[in-house]
Amino acid sequence: MKKVVLLLCLLLFGNVCDGFDIVYPKSPIVNVAANSTFFIGSSMEPLKINGKDVPLHPTGAFAYVVSLPEDKNVFTVESGSGKKVYLIRKIIPKYSGGSTFIPYPQTRFYTVTKDISPLRSSPIDDGINRMAHLQKGVNLSVDGEYSGFYRVILGKEQYGWIGKSYVKPIKQTDSVELKGYDYIDNDEYFTFVFHLTGMVPFEMVEGDVFLMKFYNLKDDDIYEMNFPVKEASGGKKLIGYSGEYQGNDFVLKIRKPLKIKRKCPLKNIKIVVDAGHGGQEEGTTGCLGDKEKDITLSLAKYLETELKNRGANVIMTRESDIYVGLQQRVDITNDNDAVVFISLHGNALPDGSDPNKISGTGIYYYYPQTKPLADVILNTMAQKLGTKNRGAIQASFAVVRNTNALSLLIETAYMINPDDNAKLVSPEFRRNCAKAIADGLDKYFSSL
Ligand SMILES: [Zn+2]
């Protein structure tokens, strides 16, 4: 008891910290779900954690990994006359036990209650196992459940999965039929309008031949349309598409090849530049106390200038320190019919990793059509900035998943790695970063 009172006193009154700043852990008492965590911050003078010297970067920044052997771990950070005490509790969630599939004796019927409801290929809430995003009003036939998911009948022996919170039960509806489709040709899009008698689950699969599928039609039928998009566009790459129900019609739009001016490949290309985070949503805090929302805004402004100089039509999702929701960023991109969406971020790491050992630039994309652009930009950045190339990785972030453009999320460098952090706080590095991204875009569009 005495020990606990003493600790509380230290936590409440003992935290004098002149000359040093700790940005992570974010408060003196935290819970961590890992066997190790780290202290991130900066100091003007030599610094010790539990009596051990902490190596400081020339900027004063540090990242220091500590293991958590006990359920409750106390750390004392000391530098000069300053001292701060931390209580870090290790709380690792226990495995809740397995689930089993529960088949229903009779098919049940549900309807999707909100837009962008993920239809998944497996009953796990996992990033990239999404087959499609269903709109409100799509009707589903369900034959069982597993954990928090319903199993959706797509055809004979073919299934998808939907989270229970996305649907509500309905009475059985008439089977849906596909009556045919119209093809509409214009300068910008290959457009197909499929006439259905109701809204059924669907899937769009990218490739040289674009595959449009409608599931659970009358008599367990699946309809497939193969559109040789590469052939139809003269061997060009896929550069964006969208599909949605408008009433019972499903409208599929595939962007036609762009008219690229060889000397000025970004001329008139509509590019959304997205400064990550903003307002009360600050993002990660860097070793030196810098905020991700400020770093990304600065990067975005440099990129805006760089792209405008090359003739691009740039749209910014924010130009000041304001909060912009993820869906708002998506809407700005889709409403403007942008060709490219670039979200700018500074990276962080979870508890259990070592921020001193991980650095560099990484790019996330969701749709395979974006991978070649991600590769070109990433290679250009790593080469011109001298940052470690962490690869282009497919991941399910809302801003890259829900936008119809070629959408990327760029993690320029690590906010909590002392070397990377020193780069990010330098305006020159940020300007070069913007230049490298623009060079990558130039290269990609001149190859189209
Ligand atoms: Zn971020």
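Conventions and cut-offs
- Residues numbered from 1 in each chain as written.
- Predicted model: local features only at pLDDT ≥ 70, side-chain atom pairs only at ≥ 80, totals over all residues.
- Helix = DSSP H or I, 4+ residues; strand = E, 2+ residues; numbered from the N terminus.
- Buried ≥ 20, exposed ≤ 12 C-beta atoms within 10 Å, placed from the backbone.
- Contact = placed C-beta atoms within 7 Å.
- Pairing = 2+ DSSP bridges.
- Axes fitted to C-alpha atoms, helices over the stretch in contact; angles between N-to-C directions.
- Domains from an automatic or database assignment.
- Nonpolar A, V, L, I, M, F, W, Y, C, P; charged D, E, K, R; others polar.
- Core = buried A, V, L, I, M, F, W, Y, C linked by C-beta atoms within 7 Å.
- Expected span 1.5 Å × (residues − 1).
- Parallel < 35°, antiparallel > 145°, perpendicular 65-115°, else oblique.
- Left-handed = near helix turned anticlockwise from the far one by under 90°.

**What to know about the overall build of the protein chain**
Part 1 of the argument: Helices and strands together make up the secondary structure of the protein chain, namely eight helices and 28 strands.
Part 2 of the argument: Each principal axis of the C-alpha atoms in the protein chain carries an extent, and together these give about 80 × 65 × 30 Å.
Part 3 of the argument: Evaluated residue by residue, the protein chain yields a buried proportion of 37% over its 448 residues.
Part 4 of the argument: Pairs at least 24 residues apart make up 69% of the contacts formed inside the protein chain by residues separated by at least 6 positions.

**Thoughts on the sheet that holds strand β15 (residues 167-169)**
Part 1 of the argument: Taken in spatial order, the seven strands line up as β11-β10-β14-β13-β12-β9-β15 in an open sheet, and their pairing is antiparallel. Looking at the sheet topology across the chains shown, the edges are occupied by β11 (130-134) and β15. Averaged over all pairs of adjacent strands, the angle between strand axes in this sheet comes to 45°, irrespective of strand direction.
Part 2 of the argument: Direction of pairing for strand β10 (residues 117-120) relative to β11: antiparallel, over a ladder of four bridges. By the bridge assignment for β11, Ser117 is matched with Leu134.

**Thoughts on the domain arrangement of the protein chain**
Part 1 of the argument: Per the domain assignment, the segments of the protein chain are domain 1 (2-90), domain 2 (102-169), domain 3 (178-255) and domain 4 (270-446).
Part 2 of the argument: Using C-alpha coordinates to define each centre, domain 3 is positioned 31 Å away from domain 4.
Part 3 of the argument: Each partner contributes to the interface: domain 3 provides seven residues, whereas domain 4 provides eight residues.
Part 4 of the argument: Looking at the side of domain 3 that touches domain 4 residue by residue, the class counts come to three nonpolar, two polar and two charged.

**Re the environment of Ile91**
Part 1 of the argument: For Ile91, the location among the structural elements is in the loop between β8 (82-90) and β9 (102-112).
Part 2 of the argument: Sequence spacing of Ile91 and Pro25 is 66 residues, and the spatial spacing of their C-alpha atoms is 15 Å.
Part 3 of the argument: Setting aside anything within four residues of it in sequence, one finds Ile91 in contact with Asn31 and Ala33.

**Thoughts on the nonpolar core**
Part 1 of the argument: Membership of the largest hydrophobic core comes to 100 residues, with the highest contact counts inside it found for Ile271, Val340, Ile377, Leu408 and Ile437.
Part 2 of the argument: Broken down by element, this core gets its largest block of residues, eight residues, from helix α8 (residues 427-446).
Part 3 of the argument: Excluding residues that lie within four positions of it along the chain, Ile271 makes contacts with Leu307, Ala312, Asn313, Val314, Ala338, Val339, Val340 and Ile342.

**A look at helix α3 (residues 292-309)**
Think of an α-helix as 3.6 residues a turn; residues three or four steps apart then line up on the same face.
Part 1 of the argument: Here α3 is 18 residues long and its end C-alpha atoms lie 26 Å apart, about the 26 Å a rise of 1.5 Å per residue gives.
Part 2 of the argument: Among all positions of α3, only Glu292, Lys293, Ile295, Thr296, Leu297, Ser298, Leu299, Ala300, Tyr302, Leu303, Glu306 and Leu307 are buried.
Part 3 of the argument: Downstream of α3 by a residue or two, Gly311 has a phi angle that is positive, lying close to 90°.

**With respect to the pairing of β10**
Part 1 of the argument: Bridge count for β10 against strand β14 (residues 158-163) is two bridges, and the pairing is antiparallel. Bridging from a neighbouring strand, Arg120 pairs with Trp161 of β14.

**Observations regarding the packing of α3 against α8**
Part 1 of the argument: As a packed pair, α3 and α8 sit with axes 8 Å apart at the nearest point and diverge in direction by 45°. As summarised for this structure, α3 and α8 are arranged oblique, according to the angle between their axes. Considering the relative orientation of α3 and α8, their crossing is right-handed. From α3, Ser298, Leu299, Tyr302, Leu303, Glu306 and Leu307 reach across to α8, where they touch Arg430, Arg431, Cys433, Ala434, Lys435, Ile437 and Ala438.
Part 2 of the argument: Grouping the constituent residues of the contact of α3 with α8 by class yields eight nonpolar, one polar and four charged.

**Focus: the environment of Val209**
Part 1 of the argument: Locating Val209 in the fold gives a position in the loop between β18 (202-205) and β19 (210-217).
Part 2 of the argument: A tally of 14 C-beta atoms within 10 Å means that Val209 is categorised as partly exposed.
Part 3 of the argument: Here the alpha-carbon distance between Val209 and Asn226, two residues 17 residues apart in the chain, equals 6.0 Å.
Part 4 of the argument: The contact partners of Val209, leaving out residues within four places of it in the chain, are Asn226, Phe227, Pro228 and Val229.

**Concerning the sheet that holds strand β6 (residues 61-67)**
Adjacent strands of a sheet pair through backbone hydrogen bonds, lying either parallel or antiparallel.
Part 1 of the argument: As summarised here, the arrangement of the three strands in space is β1-β3-β6, forming an open sheet in which the pairing is antiparallel. Single-partner strands in this sheet number two, and they are β1 (20-24) and β6. Adjacent strand axes in the sheet meet at a mean angle of 30° when their direction is disregarded.
Part 2 of the argument: Bridging between strand β3 (residues 36-43) and β6 involves seven bridges; their strand directions are antiparallel. When the sheet's bridge partners are listed, Ser42 is paired in β6 with Ala61.

**Concerning the packing of helix α5 (residues 371-385) against α8**
Part 1 of the argument: Running from N to C, α5 and α8 point in directions that differ by 140°, and their axes come no closer than 8 Å. In terms of their interaxial angle, α5 and α8 are classed as oblique. The interaxial crossing formed by α5 with α8 has right-handed handedness. Taken together, the residues of α8 that come into contact with α5 (itself represented by Leu373, Val376, Ile377, Thr380, Met381, Lys384 and Leu385) are Asn432, Cys433, Ala436, Ile437, Asp439, Gly440, Leu441, Lys443 and Tyr444.
Part 2 of the argument: Across the contact of α5 with α8, the residue classes tally to ten nonpolar, three polar and three charged.

**So, unusual backbone geometry**
Part 1 of the argument: Following Tyr24, the chain continues into Pro25 via a peptide bond in cis, with omega recorded as 0°.
Part 2 of the argument: Topologically, Pro25 is positioned in the loop between β1 and β2 (29-32).
Part 3 of the argument: Positive phi outside glycine occurs at Ser147, with the angle close to 55°.
Part 4 of the argument: Structurally, the position occupied by Ser147 is in the loop between β12 (139-146) and β13 (149-155).
Part 5 of the argument: For Glu157, which is not a glycine, the phi torsion comes out positive at approximately 60°.

**A closer look at α8**
Part 1 of the argument: Taking 1.5 Å per residue, 20 residues should reach 28 Å; α8 reaches 28 Å between its end C-alpha atoms and fits that length.
Part 2 of the argument: Buried residues along α8 sit in contact with α3, β25 (340-347), α5 and β28 (406-414).

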